[in-house]
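# Results of the structural survey
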Amino acid sequence: MTWSNVPGPPPGPTPGPAGPTDAERAAWERGGSTLFPAGKLADRISTVLLLAAGAVLTAVAAVVAIVAVASATASCDAAAGCTPGGYFTGAGIAVGGSFVVGVATVVLAIAAWVRRRTSWWIAAIGFVLAIAIVTVGGVVFAHAVDDVDGTSPGSVSALP
């Protein structure tokens, strides 16, 4: 185990058969700290995993947005009475918003690390916000598609 910030050398054998007592050894150990305490290590690992999950969410949202916009705008022209603005807006909200939240989360997590504070909750909030923003972007995109079709799943005109 690595010890740091402990005043004096570790209690060693004293001249004679007694050596350091258990109480002396425990007092010396309480004065030290490990390089990677268990609580800090778990905080760092969970923070990095949540940040990575947010990055994967943003990458997947970007790929899905590109494919969805490309397929939706393929049949979109003035004769069909559609404009691709809603498609681009929904995709932009999903991908751009998720990216901005991710960058802000990384900056705040690093700032917490520098101040030696826990940061897992920052990454968790950022991940939940990224999911919410991707969902809002998907709803805007779906609304734009729904407006072009002129029907919605719950409308009477959509029934056969």
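Keep in mind that what you see is a predicted model, and the values were worked out from it rather than measured.

Calculation rules
- Residues numbered from 1 in each chain as written.
- Predicted model: local features only at pLDDT ≥ 70, side-chain atom pairs only at ≥ 80, totals over all residues.
- Heavy atoms only, no water.
- pLDDT = per-residue confidence, 0-100.
- Contact = heavy atoms within 4.5 Å.
- Salt bridge = Lys/Arg side-chain N within 4 Å of Asp/Glu carboxyl O.
- Buried < 20%, exposed > 50% of the residue type's maximum accessible area, 1.4 Å probe, protein only.
- Helix = DSSP H or I, 4+ residues; strand = E, 2+ residues; numbered from the N terminus.

## Here's the deal with the confidence of the model for the protein
Taken over all residues, the pLDDT of the protein has a mean of 80, while the share at 70 or more is 69%. Note on residues 154–160: pLDDT is under 50 here. Beyond four places in sequence and across chains, it has four contacts.

## Focus on the pattern of salt bridges
The tally for this structure, following the rule as stated, stands at one salt bridge. With a shortest N-O distance of 3.1 Å, Arg 44 and Asp 43 are connected by a salt bridge. Judged by its relative accessible area of 24%, Arg 44 is partly exposed.

## Things to note about the side chain of Thr 58
Relative to the helices and strands, Thr 58 resides in helix 2 (residues 38–74). By relative accessible area, which is 12% here, Thr 58 ends up buried. Excluding its chain neighbours within four sequence positions, the residues that come into contact with Thr 58 are Val 95, Ser 98 and Phe 99.

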